[in-house]
Amino acid sequence: MEGSVAALRLASPPSVSPGAMAGARQPQNDGLRSLPLSGHVGFDTLPDQLVNKSIKQGFCFNILCIGETGSGKSTLINSLFNTSIDDPMSTHFHPNVRLKAQRYELHESNVRLKLTVVSTVGFGDQLNKEDSYQPIVNYIDAQFEAYLQEELKIKRSVFNYHDTRIHVCLYIISPTGHSLKTLDLLTMKSLDSKVNIIPIIGKADSISKTELQQFKRKLITELVSNGVQIYQFPTDDEAISQINTIMNGHLPFAVVGSTEEVKIGNKMVKARQYPWGIVQVENENHCDFVKLREMLICTNMEDLIEQTHACHYELYRRCRLQEMGFRDNDPENKPVSLQEAYEAKRREFYFELQRKEEEMRQKFVQRVKEKEAVLKEAEQQIQANFEHLMLMHQEEKLKLEKKRKALEDEIALFNMKKANAELLQTQPMVSTPLSLKRDKDRKNSSFT
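For clarity, every value in this text was computed on a predicted model and none was experimentally measured.

Draft legend 1. View of the sheet that holds strand 7 (residues 197-201). Spatial ordering of the open sheet is given by 4-5-3-6-7-8, a layout of six strands whose pairing is mixed. Both outer strands of the open sheet, strand 4 (98-108) and strand 8 (253-254), are each paired with one neighbouring strand and no more. Judged from the five bridges that link them, strand 6 (residues 168-173) and strand 7 form a sheet pairing that is parallel. Each residue of the ladder has a partner; that of tyrosine 171, found in strand 7, is proline 199. Contacting strand 3 (59-66), strand 5 (111-121), strand 6 and strand 7, helix 3 (residues 73-80) crosses the sheet at an angle of about 125° to strand 6.

See the structure below:
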C-alpha cells in the first residue's frame, strides 16, 4: 500500500518527558502547540494498528524488466524472490515489441505480497529499432491513466483498487564492455520521468572484474552526459542514509542470476558452474546480486512505491488534468475551485462545439452550392444534348419524308407503267383475226 511506511513514521507520537507539568505549552514555528500529557492516552499504538492493517491487506509491488531476448530477465526475477516463475523461452523473431504481465502472490512469514512482473518480449530484435521503446511508454501511461480514471469516478474504490502502476524498472544492460547502445539511451531517456529506473549489468560473469569496473564508470558517465535520471536510493532517513549512500556509488549493479544449486563445502548455494570454477550468486565478491536484493526489496521497496505515487504519477496526473483544461489558478492568479474549472472548461467546449458546428454548416452550404452548380452545369449539358438530338431528329425526319415522297413517285410511275403494259398486252389479242386474214390473202396471191 502506498504511503504505509511513511504513515507509520508520521504517526509516531512526539516524545514527552515523564516529569513534564500538565498544561505547559510550547509554541512552534508552524503554529502548532506541543502539549505534554500527564498520563497514558493510547494513541502510541497507532503504528501497530497501521502495521496490522497493512499486513492484513497485503502489499503490492510491480516490476518492469527491460532487456534484450536472452539477457536473463526471468532468471534474475527467480533469483530475487527465491522462487520459480514459469516463463516460456522467447524467440528472436517477433515483428514488434510487446509486454507480458504475470501476477503472483508470495507469502513470507505473515506478510503477503502481490507481485506483478512485466517483461519485454522481442525488445531489440527488430532491424528497425526506432520505435522499440514506444510500446513500453504506452504501457506505463496506460496504467497511470487507469488509476487516474478510478480516482475521477464519483463512486471510487481506490482503497481496494489493484494498483498496476510500475514501481521500478530493472533495465538490464548487455555486458559489452564498451558503451551503451543507442536503443538503451533512448529507452531510458523516455522512461526516466515515468518510472524509477535501476540500471543492471546482466550476466556480469562474462567479463573480467577490471573491465566490469571500467564499464560501470563509462555507463554512469554516459547516463549523466545524456541527462538520463536513474533512481537514487534515498538518503534523507538517518536509519538508512549511510548504506544507501554507499550503494548509490555501486550503481549500476553487476549481477549474476541462477536457479541451480551447487554444493560448496557443507551447504547448497545458488551458483553457476563453469569448467574454470563456480560463480556464487549470493557472494558479494563475485557479483552485486545481494546488494540489488537488499536495496530493492529489504530497504527501499516502500520508497519505490511512494516515489511512483508522489512523483511519477503526480507528474502524469498534473499534465493530464492540464490537458483536460483544469487548473488551480485563473489568469489573475486567483484560486479556482474544481467546479469553476469544470464550468470554464464546459463553456470552452460549448463555444468550441458551436464554432465547429458553424464551420460544418458553412462547409455544408458551400458543398451544396458546389453541388448545385455541378448539377446545373450537368442539366445545361443534358439540355444541349437534347436540343442537338432533336435537331438531328428533325433532319432525319425531313430526309425520310423526301425518301417517302420519292418512293411514292416511283410507285405511281410503276403503276402507270404497269397499266400501260397491261394495255399493250390486251391489244394484240383483239387484232389477231385481221392479221390472219391478211396472211391468208398474202398466201393466195403468192400461189397465183
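Draft legend 2. Representation of the environment of glutamate 284 in the model. With respect to the element layout, glutamate 284 can be found in the loop between strand 11 (277-280) and helix 8 (289-299). Distance from glutamate 284 to valine 255, taken between C-alpha atoms, is 9.7 Å for residues 29 residues apart in sequence. Those residues in contact with glutamate 284, other than ones at most four positions away along the chain, are Val290 and Lys291. Within the structure, glutamate 284 has its side chain in polar contact with the side chain of lysine 291 (distance 3.2 Å).

Draft legend 3. Structural view of the sheet that holds strand 10 (residues 267-274). A sheet is described by the order of its strands in space; here three strands give the open sequence 9-10-11, paired in antiparallel fashion. Because the sheet does not close on itself, it has two edges, and the strands there are strand 9 (261-264) and strand 11. Neighbour-to-neighbour, the strand axes of this sheet turn through a mean angle of 65°, independent of strand direction. Sheet analysis places strand 10 next to strand 11, joined by four bridges and oriented antiparallel. In the strand pairing of strand 11, glutamine 273 is matched with isoleucine 278.

Draft legend 4. Quick peek at the nonpolar core. If you look at the biggest cluster of nonpolar residues, it comprises 71 residues, and the most contacted ones within it are Phe61, Leu170 and Ile198. In terms of residues, this core owes the most to one element, helix 4 (residues 134-152), which gives seven residues. Excluding residues that lie within four positions of it along the chain, isoleucine 198 makes contacts with Val168, Cys169, Leu170, Tyr171, Tyr231, Phe233, Leu251, Phe253, Leu292 and Leu296.

Draft legend 5. Structural context of the packing of helix 4 against helix 5 (residues 182-191). Where helix 4 meets helix 5, the closest approach of the two axes is 10 Å, and the angle between their N-to-C directions is 15°. When the axis of helix 4 is compared with that of helix 5, the two are roughly parallel. Seen from above, helix 4 lies across helix 5 with right-handed handedness. Residue-level contacts link Ile136, Val137 and Ile140 of helix 4 to Thr187, Ser190 and Leu191 of helix 5. Of the residues belonging to the contact of helix 4 with helix 5, the class tally is four nonpolar, two polar and no charged.

Draft legend 6. Molecular detail of the packing of aromatic side chains. As enumerated under the stated definition, the model contains nine aromatic pairs in all. When the ring of phenylalanine 144 is compared with that of tyrosine 313, the centres are 5.9 Å apart and the planes differ by 55°; the resulting orientation is tilted. Residue phenylalanine 144 is located in helix 4, and its partner tyrosine 313 is located in helix 9 (residues 301-323); the two are separated by 169 residues in the primary sequence. The buried category is assigned to tyrosine 313, whose relative accessible area is 0%. Through a chain of ring-to-ring contacts, the aromatic side chains of Phe144, Tyr147, Tyr161, Tyr313 and Tyr316 assemble into a single cluster.

Draft legend 7. Structural context of unusual backbone geometry. A cis geometry characterises the amide bond from leucine 251 onward to proline 252, with omega recorded as -5°. Relative to the elements of secondary structure, proline 252 occurs in the loop between helix 7 (241-248) and strand 8. Notably, serine 109 is not glycine yet its phi reads approximately 55°, a positive angle. Residue position: serine 109 is located in the loop between strand 4 and strand 5. Phi is positive for lysine 203, close to 50°, though the residue is something other than glycine. Secondary-structure assignment places lysine 203 in the loop between strand 7 and helix 6 (209-225).

Quick notes on the rules
- Residues numbered from 1 in each chain as written.
- Predicted model: local features only at pLDDT ≥ 70, side-chain atom pairs only at ≥ 80, totals over all residues.
- Heavy atoms only, no water.
- Pairing = 2+ DSSP bridges.
- Helix = DSSP H or I, 4+ residues; strand = E, 2+ residues; numbered from the N terminus.
- Contact = heavy atoms within 4.5 Å.
- Axes fitted to C-alpha atoms, helices over the stretch in contact; angles between N-to-C directions.
- Polar contact = N/O pair within 3.5 Å; in protein donor to acceptor, adjacent residues only side chain to side chain.
- Core = buried A, V, L, I, M, F, W, Y, C linked by side-chain atoms within 4.5 Å.
- Buried < 20%, exposed > 50% of the residue type's maximum accessible area, 1.4 Å probe, protein only.
- Parallel < 35°, antiparallel > 145°, perpendicular 65-115°, else oblique.
- Left-handed = near helix turned anticlockwise from the far one by under 90°.
- Nonpolar A, V, L, I, M, F, W, Y, C, P; charged D, E, K, R; others polar.
- Phe/Tyr/Trp six-rings, centres within 6.5 Å; stacked < 30°, edge-to-face > 60°.

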